[in-house]
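# Residue-level structure breakdown
Chain by chain, the residues:
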Amino acid sequence: MIRTQSLTYAYPAEKEIFFNDLDVASGEQILLLGESGSGKTTLLHLLGGLLKSQHGSIEVNGTDLTKLSESELDRFRGKHYGFIFQRNHLMTALTVEQNLLMAPFLAGLRQSQERVEEVLEHLGVIEKRKSRIQDLSLGQAQRVAIARAVLNKPSVLLADEPTSALDDKNCDRVSDLLLSAALQNQATLIIATHDQRLKRKIHNLIQL
Amino acid sequence: MNLIKLVYGYLRSRPLNTLLNILLLALGIAMITILLLFNKQLKQKISDNTKGIDLVVGAKGSPLQLILCNIFHIDFPTGNIKLTAADQLAKHRLVKNAIPMALGDSYQNFRIVGTNHAYAELYKAELAAGAWWSADFEVVIGSSVAESLSLILGSTFESAHGLSTDGHAHEESPFIVKGILKRTNSVLDNLILTNVSSIWKVHEEPGEGPRAGDSTHHTSVLVPSVSLSDSTREITSLLMKYRNPIAAIQLPRYINTQTNMQAASPSFEAARLFSILGVGMDALTAFAYVLIFISALSIFLALYNSLKERKYDLAIMRSMGASRLKLVMATQLEGVTLTVMGSLFGIGLGHGVLYLFSVWVEESQKAGISAAVFYPEEGYLLAGSFVLGILCSLIPSFQAYRTDIHKILAGN
């Protein structure tokens, strides 16, 4: 479902980074491990179509991302991906519910209250539905961010350091929720991290 | 979720900033609205009130004062002219008709004008009740006079000497209300009309009076009750209409050089008055535009800064499938919402202030300035503020367009 071939990327005035070819099956859960600077965020962004690759090909669900135009890539992201970052990047001007509904709105999909409730329920933050983002704790905010990422039932979930900012207890809960959310939505999950705690949960490792 | 809710969320997340920007623009727009309403209505009133009057002839002095006093009834008379001299002018071959005006008395700040029925016809006045005056001391009052003084048919009152309330009362000769006019939206609404001889009689010392039997052959054209040879009678002015266009060239020059009276053209003096007022209006308009410019700058800065704070929002929105165009539209919508709201609020504020002005300031009531009038220019103001919103958000929306998602999202 995700396949890369001879993928390389070079930042301006820096050495080119070579990535080993990837072949990830649908529903697989993979950990991209590496120290900071090893290029795991770059790879994740390349896979997510957030960064245009310079060489090689990236095939996701049968589409070669490198051949898509900017606006085609926007639409593709909306339909197939859910992103989770180290910081939750929730929109503070909006409520929890509005933040979640941004996902189908921006992807051009139907906006469903039931789906919002279902996802929040599953992630245990249903009582925060009408809250403002400022009123959430760090763990709650990260769970809302996960809810937003899985709301459209994406086929690929990409997470960049989702647990690095959390203490052990929250790391445990958030990673469990992330895994179960991915399973429940039948999404392929790729987590880029240097957080060794996650090795206990995901055994499919790619070391960069 | 939609763009409007998103923009509303953003505006509400910075309430003070949003309020300040809307208020600042509203102030500028309100000023322009007030000036627009004031200017337009004043011009309209002036042209309505001078309709049918080509020339005003009165005692020498300021021509503007002559016009203000005899047409708009806001300044004091320049003096009196002899009825005999006025009569001669009225019979001039270039004069189509002439209306005598005798001013000097008032009742509760409303002026009493000694004239003839032709004066009321100038403004196409119709009676709402009663009849026209036919004898001395009978008056017909304007609708505003009737309203504010609660006068009805048959009411009597004593006039005061002078044009303000503190003049001494002429207690011995009461006026009686014979007729009440329908509203004309002209100066007539604020006037008390009677015949010329009533004004004279009010001011006569006991014993003095028309010298009966002086001459019964010829009577005055302007005031038929008076003998032509009676050289003691005076009036304040004559309102004239030309017989033909040549009169416009010859008559004023003849009067100003060959007689000891002066002639003034209402349209010319009104234009002169406007050019004097115009300087002040221009200054105020310029100030209003400065306010609008500053508010535009403030809106631009607010958008520019908030877009910096929102770079993560923009990047995350792109990651969720938003196109560049959608981000541009959201930014533009935010700018346009601010300016259009400011402008709507400003137009409302302008009308509101003018309404309070018309309620509290008596002079504006007399001038007939109304707040409940809308002009197409206010539509232009709205359209202009829409364009202003787009201009203010041009650079910020370009920023949004250029959002580098990878750089922002990788920069933890």
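These numbers were taken from a predicted model, which means no experiment stands behind them. (Residues numbered from 1 in each chain as written. Chains lettered and ligands numbered in written order. Predicted model: local features only at pLDDT ≥ 70, side-chain atom pairs only at ≥ 80, totals over all residues. Heavy atoms only, no water.)

## A short note on empty space enclosed by the protein
A water-sized probe rolled over the atoms picks out the places where empty space is left. Throughout the structure, instances matching the rule amount to five cavities of 30 Å³ or more. The volume enclosed by the largest cavity comes to roughly 120 Å³. Of all the elements in the fold, those that place two or more residues in the lining of the largest cavity are helix 2 (70-80), strand 7 (81-84) and helix 5 (138-150) of chain A together with helix 10 (311-319) of chain B. Counting residues per element, the lining of the largest cavity draws most heavily on strand 7 of chain A, at three residues. Residue composition of the lining of the largest cavity, grouped by class: seven nonpolar, four polar and two charged. (1 Å grid on protein atoms, 1.4 Å probe; cavity = no way out; pocket = protein on both sides within 12 Å on 5 of 7 lines; lining within 4 Å. Points joined across faces, edges and corners; volume = space filled by probe spheres on them. Helix = DSSP H or I, 4+ residues; strand = E, 2+ residues; numbered from the N terminus. Nonpolar A, V, L, I, M, F, W, Y, C, P; charged D, E, K, R; others polar.)

## Regarding the interface of chain A and chain B
Taken together, the contact between chain A and chain B spans 29 residues of the former and 25 residues of the latter. Both sides together, the interface formed by chain A and chain B hides about 2600 Å², and carbon and sulfur atoms give 63% of it. Inspection of the region where chain A meets chain B yields three salt bridges. One can count six residue pairs in polar contact (both at pLDDT 80 or more) joining chain A with chain B. If you list the elements that add at least two residues to the side of chain A that touches chain B, you get helix 1 (40-47), helix 2 and helix 3 (96-107) of chain A. Residues of the side of chain A that touches chain B, tallied by class, amount to 15 nonpolar, eight polar and six charged. (Contact = heavy atoms within 4.5 Å. Buried area = accessible area lost by both parts, 1.4 Å probe. Salt bridge = Lys/Arg side-chain N within 4 Å of Asp/Glu carboxyl O. Polar contact = N/O pair within 3.5 Å; in protein donor to acceptor, adjacent residues only side chain to side chain.)

## Overview of helix 8 (residues 245-258) of chain B
Residues and elements named next belong to chain B. With 14 residues, helix 8 should cover 20 Å at 1.5 Å per step; its first-to-last C-alpha distance of 20 Å lies within 8% of that length. Buried within helix 8 are the following residues: A247, L251, P252 and I255. In this structure, the buried side of helix 8 is in contact with strand 1 (55-59), helix 4 (83-90), strand 3 (95-107), strand 12 (237-242) and strand 13 (261-264). (Expected span 1.5 Å × (residues − 1). Buried < 20%, exposed > 50% of the residue type's maximum accessible area, 1.4 Å probe, protein only.)

## Quick look at the packing of helix 9 (residues 266-309) of chain B against helix 14 (residues 394-401) of chain B
Packed helices, taken two at a time, are described by their axes: the angle between them and the distance between them. Residues and elements named next belong to chain B. Relative to each other, helix 9 and helix 14 sit at 15 degrees, their axes nearing to 8 Å. As summarised for this structure, helix 9 and helix 14 are arranged roughly parallel, according to the angle between their axes. Classified by chirality, the crossing of helix 14 by helix 9 is left-handed. On helix 14, the residues touching F300, L303, Y304, L307 and K308 of helix 9 are I395, P396, Q399 and A400. Each residue belonging to the contact of helix 9 with helix 14 can be placed in one class, and the counts come to seven nonpolar, one polar and one charged. (Axes fitted to C-alpha atoms, helices over the stretch in contact; angles between N-to-C directions. Parallel < 35°, antiparallel > 145°, perpendicular 65-115°, else oblique. Left-handed = near helix turned anticlockwise from the far one by under 90°.)

## Describing the environment of L179 of chain A
Residues and elements named next belong to chain A. One can find L179 in helix 6 (residues 168-184). Sequence separation of L179 and K201 is 22 residues, and the distance between their C-alpha atoms is 8.8 Å. When near neighbours in sequence (up to four residues on either side) are disregarded, L179 contacts Q29, L189, K201 and I202.

## Here's the deal with the domain arrangement of chain B
Accessible area lost on assembly of the parts is the figure often given for the size of an interface. Segmenting chain B into domains produces domain 1 (3-46 + 277-410) and domain 2 (55-264). Between the C-alpha centres of domain 1 of chain B and domain 2 of chain B the distance comes to 52 Å. (Domains from an automatic or database assignment.)

## Some thoughts on the packing of aromatic side chains
All chains considered together, the criterion is met by 10 aromatic pairs over all chains. Arranged with centres 5.7 Å apart and planes meeting at 40 degrees, the rings of F300 of chain B and Y304 of chain B form a pair that is tilted. Of the two residues, F300 of chain B and Y304 of chain B are both situated in helix 9; the distance of four residues between them amounts to about one turn of the helix. These aromatic residues form a ring-pair network of at least three members: F76, Y81, F83 and F85 of chain A. (Phe/Tyr/Trp six-rings, centres within 6.5 Å; stacked < 30°, edge-to-face > 60°.)

## Description of the packing of helix 11 (residues 324-360) of chain B against helix 14 of chain B
Residue and element names in this part refer to chain B. In the contact formed by helix 11 and helix 14, the axes pass within 8 Å of each other and the chain directions differ by 155 degrees. On the basis of their axis angle, the class for helix 11 and helix 14 is roughly antiparallel. For the pair helix 11 and helix 14, the crossing hand works out as right-handed. Taken together, the residues of helix 14 that come into contact with helix 11 (itself represented by R324, L327, V328, T331 and Q332) are L394, P396, S397, A400 and Y401. The residue inventory of the contact of helix 11 with helix 14, partitioned by class, reads six nonpolar, three polar and one charged.

## Brief notes about the pattern of salt bridges
According to the stated counting rule, one finds 29 salt bridges over all chains in the structure shown. In this structure, R197 of chain A engages D168 of chain A in a salt bridge whose closest nitrogen and oxygen atoms are separated by 2.6 Å. Residue R197 of chain A is found in the loop between strand 9 (188-193) and strand 10 (205-207), and its partner D168 of chain A is found in helix 6; the two are separated by 29 residues along the sequence. Here D168 of chain A falls in the exposed class, since its relative accessible area comes to 54%. The salt bridge involving E234 of chain B is made with K82 of chain B; its shortest N-O contact spans 3.6 Å. With E234 of chain B in strand 11 (residues 234-235) and K82 of chain B in strand 2 (residues 81-82), this residue pair connects regions lying 152 residues apart in the sequence. On the basis of relative accessibility, which here comes to 30%, the residue E234 of chain B falls in the partly exposed class.

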